[in-house]
Amino acid sequence: MPHRESQKLPVDDIEWIVDHVTEHLAFYAPFFEPVLRSAIEVHGRLTFHAIDEARNAVVPKASLLATTKRSIEHIDKPTLLMEVYAGLNKAEQRALEQAVPNLPSPKLRVLYIDPNGIGRKGPFAIRKNMRVPPASVLARAYESNADECYEAEEDQSWWETSKTGSLPSLPLWVDAVRRGRFVYGIITVR
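What counts, and where the lines are drawn
- Residues numbered from 1 in each chain as written.
- Predicted model: local features only at pLDDT ≥ 70, side-chain atom pairs only at ≥ 80, totals over all residues.
- Heavy atoms only, no water.
- pLDDT = per-residue confidence, 0-100.
- Contact = heavy atoms within 4.5 Å.
- Salt bridge = Lys/Arg side-chain N within 4 Å of Asp/Glu carboxyl O.
- Helix = DSSP H or I, 4+ residues; strand = E, 2+ residues; numbered from the N terminus.
- Buried < 20%, exposed > 50% of the residue type's maximum accessible area, 1.4 Å probe, protein only.
- Phe/Tyr/Trp six-rings, centres within 6.5 Å; stacked < 30°, edge-to-face > 60°.
- Axes fitted to C-alpha atoms, helices over the stretch in contact; angles between N-to-C directions.
- Left-handed = near helix turned anticlockwise from the far one by under 90°.
- Nonpolar A, V, L, I, M, F, W, Y, C, P; charged D, E, K, R; others polar.
- Core = buried A, V, L, I, M, F, W, Y, C linked by side-chain atoms within 4.5 Å.

A.B. asks: So what's going on with the confidence of the model for the protein chain? Residues and values would help.
C.D. replies: Here the protein chain shows a mean pLDDT of 87. Residues at 70 or above account for 88%. For residues 1-6, every residue scores under 50 in pLDDT, and the model assigns this stretch zero contacts once sequence neighbours within four places are set aside.

As C-alpha cells, then:
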C-alpha cells in the first residue's frame, strides 16, 4: 500500500472542530433543555442568569457564548445572540487604510449576530456592523468594567441605519453582559 502523508489541519481548525463536537455533545437536548427550561421559569425568561444557572448545572466548563448559542435554540420567540465591540464601519475602515485625516472614533457595533430558528424568519432588522444605540443596556454593559448582567425593555426603533434612519418599531427584551473586551447580548421579542 502506498504511504500517504496525513493532512494536517491548522490548530485553529482543530480547535473549531473540537469545540463544535463538544458543543453538540455537552448540550444534548434531552439533558440540557429541561435544566434550561427550569432556569427560565425561575428567572421569568431567557436571561444570562438563567443561562449561567443551566450551564453550571449541566456543563460548568462550557463558555458563556457556546451555552448561549445552544440556549437560544430552545426559545419559542424570535431571539438574537450578538457580540458587540467598539469598531469602525466599512467606510471608516477604508478611510483608515487610506490614512484619511480626522477619522471618527470607533463606535460600539454589532460584531457577530446569530438568530435562533424563529428569528431567522422573523421580525428583526438589526444587522451585523450596525451601531449600538447609546441608550441600550448593551452600551451600558460595554462602559462597565465589571462582568455584570444588565437587562431592559427596549425598542428596535432605537437602532438606526445611515441610509434609512430608525428601524421599524418592535418591543424587545435586551440582556447584556461584558466578558473581557466584548459584550454579549440576547435580544428577544417581547
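A.B. asks: Report on the pattern of salt bridges, specifying residues and quantitative values.
C.D. replies: The tally for this structure, following the rule as stated, stands at eight salt bridges. Between Arg45 and Glu151 there is a salt bridge whose closest N-O contact spans 3.4 Å. Pair noted here: Arg45 is in the loop between α2 (29-43) and α3 (48-58) and Glu151 is in strand β3 (residues 149-155), with a separation of 106 residues, a long-range link. In this structure Arg45 comes out as buried when scored by relative accessible area, which is 15%. For Glu151, a relative accessible area of 42% puts it in the partly exposed group. The network of salt bridges with shared partners includes Arg45, Glu151 and Asp175.

A.B. asks: Mind laying out the packing of aromatic side chains, listing which residues take part and the relevant values?
C.D. replies: Under the definition given, this model contains three aromatic pairs. Look at Phe27 and Phe32: their rings are 4.9 Å apart centre to centre, the planes differ by 75 degrees, and that puts the pair in the edge-to-face class. A residue is classified by how much of its surface remains accessible, and Phe27, at 3% relative accessible area, is buried. Their ring planes at 40 degrees and their centres at 5.0 Å tell us that Tyr85 and Phe182 sit as a pair that is tilted. With Tyr85 in strand β1 (residues 79-87) and Phe182 in strand β7 (residues 182-189), this residue pair connects regions lying 97 residues apart in the sequence.

A.B. asks: With reference to specific residues and values, describe the packing of α2 against α3.
C.D. replies: When two helices pack together, their arrangement is captured by the angle between the axes and the distance separating the axes. At a closest axis distance of 8 Å, the pairing of α2 and α3 adopts a crossing angle of 145 degrees. For the element pair α2 and α3, the recorded crossing hand is right-handed. Contact with α2, carried on its side by Phe31, Phe32, Val35, Leu36, Ala39, Ile40, Val42 and His43, involves His49, Ala50, Glu53, Ala54, Arg55, Ala57 and Val58 of α3 and no other residues of that element. In the contact of α2 with α3, the residues fall into eleven nonpolar, two polar and two charged.

A.B. asks: Tell me what's going on with the nonpolar core, and back it up with residues and numbers.
C.D. replies: If you look at the biggest cluster of nonpolar residues, it comprises 24 residues, and the most contacted ones within it are Met82, Ile126, Leu138, Trp159, Leu172 and Ile187. Breaking this core down by element, the ones donating at least two residues are β1, β2 (107-115), α7 (137-143), β3, β6 (171-179) and β7. Ranked by residue count, the leading element in this core is α7, at four residues. In contact with Leu172, not counting residues within four places along its chain, are Phe124, Ile126, Ala152, Glu153, Glu154, Asp155, Gln156, Ile187, Thr188, Val189 and Arg190. Residues Ile40, Phe48, Ile51 and Ala54 belong to the second largest nonpolar core, which totals 21 residues.

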